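Chain and residue survey
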Amino acid sequence: QVQLQESGPGLAKPSQTFSLTCTVSGGSIRTNYYYWSWIRQPPGKGLEWIGYIYYTGITYLNPSLKSRTSISRDTSKNQFSLHLSSVTPEDTAVYYCVRDNVAGALVVYDYWGQGTQVTVSS
């Protein structure tokens, strides 16, 4: 059974960078054809896709966040991480790491982490 677990600081200050790490168990982040994504949900709003790292290590980011976002991985630990810089209170959200199983035009997030709250406040 694939499990994902987010970890990282729950608080960040404006203008700083925060990082979150997703630890994957029960499956490898190098397994063929899977995408490993970060998604967030601000309070009272819908889900926003942030970006993914493909099983090959290639990344793709939401253009609206690309300038201050990066995703990395540590294959020895079966982890991938989100780095978001120059944060503002608008970045306050629950952040999820998920596995994407893409078939044609259909995106299926078949495994989710429990989510972690990140609050940006001074």
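Our subject is the structure listed above.
Report follows, based on the coordinates. (Residues numbered from 1 in each chain as written. Predicted model: local features only at pLDDT ≥ 70, side-chain atom pairs only at ≥ 80, totals over all residues. Heavy atoms only, no water.)

1. Some details on the pattern of salt bridges
Oppositely charged side chains can form a pair if their charged atoms are brought close together. Which entries qualify depends on this criterion: By convention in these notes, a salt bridge is any Lys or Arg side-chain nitrogen within 4 Å of a carboxyl oxygen on Asp or Glu. Helix numbers and strand numbers start at the N terminus; a helix is a DSSP run of H or I with at least 4 residues, a strand a run of E with at least 2. The buried label goes to any residue with under 20% of its type's maximum accessible area, the exposed label to any with over 50%, and the partly exposed label to all in between, with areas taken from a 1.4 Å probe on protein chains only.
Tallying each qualifying case throughout the model produces four salt bridges. For aspartate 91, the salt bridge goes to arginine 40, with nearest N and O atoms at 2.8 Å. Note that aspartate 91 is positioned in the loop between strand 8 (79-84) and strand 9 (93-103) and arginine 40 in strand 4 (residues 35-41), a separation of 51 residues in sequence. For aspartate 91, a relative accessible area of 0% gives the class buried. In this structure, aspartate 110 engages arginine 99 in a salt bridge whose closest nitrogen and oxygen atoms are separated by 2.7 Å. Taken together, the residues aspartate 110 in strand 10 (residues 106-112) and arginine 99 in strand 9 connect sequence positions 11 residues apart. The network of salt bridges with shared partners includes Arg40, Glu48, Arg68 and Asp91.

2. A closer look at the sheet that holds strand 3 (residues 18-25)
Cut-off, in case you're wondering: For two strands to pair, DSSP has to find at least two bridges joining them. The convention used is that axes are lines fitted to C-alpha atoms, helices contributing only their stretch in contact, and that angles between N-to-C directions extend from 0 to 180 degrees.
The sheet built from four strands is open, its strands ordered 1-3-8-7 with antiparallel pairing. Each end of this open sheet is capped by a strand with a single partner; those strands are strand 1 (3-7) and strand 7 (69-74). Adjacent strand axes in the sheet meet at a mean angle of 20° when their direction is disregarded. Pairing of strand 3 with strand 8, which is carried by six bridges, proceeds in the antiparallel orientation. Note on strand 8: the bridge partner recorded for threonine 21 is serine 81.

3. What about the state of the cysteines?
How we decide: Put simply, a disulfide is two cysteine sulfurs that come within 2.5 Å.
Tallied over the full model, the rule gives one disulfide. One disulfide in the model links cysteine 22 with cysteine 97; its S-S distance is 2.1 Å. Between cysteine 22 and cysteine 97, the S-S dihedral sits near 65°, and the bridge is therefore right-handed. Taken together, the residues span a long stretch of sequence, with cysteine 22 in strand 3 and cysteine 97 in strand 9 at a distance of 75 residues.

4. Observations regarding the packing of aromatic side chains
The condition that has to hold: In this analysis, rings of Phe, Tyr and Trp, with Trp reduced to its six-membered ring, are considered paired at centre separations within 6.5 Å, and the interplanar angle assigns stacked below 30 degrees, edge-to-face beyond 60, and tilted for intermediate values.
Within this structure, the stated rule accounts for 12 aromatic pairs. On the numbers, 6.1 Å between centres and 35° between planes, the contact of tyrosine 52 with tyrosine 60 is tilted. Looking at tyrosine 60, the relative accessible area reads 44%, which means it is partly exposed. Every member of this aromatic cluster is reached through a ring pair, and the members are Tyr33, Tyr35, Trp49, Tyr52, Tyr54, Tyr55 and Tyr60.

5. As for the environment of arginine 68
Definition in use: In what follows, a contact means two residues having at least one pair of non-hydrogen atoms within 4.5 Å. Pairs of N or O atoms within 3.5 Å make up the polar contacts considered here, provided that, within protein, one atom can donate a hydrogen while the other can accept it, and that residues adjacent in sequence are counted only when both atoms are side-chain atoms.
Mapped onto the secondary structure, arginine 68 falls in the loop between strand 6 (59-61) and strand 7. A C-alpha to C-alpha distance of 29 Å links arginine 68 and valine 2, two positions 66 residues apart in sequence. Setting aside its immediate chain neighbours within four residues, arginine 68 contacts His83, Leu84, Ser85, Ser86, Val87 and Asp91. Reaching out from arginine 68, the side chain makes a polar contact with the side chain of aspartate 91 at a distance of 2.8 Å.

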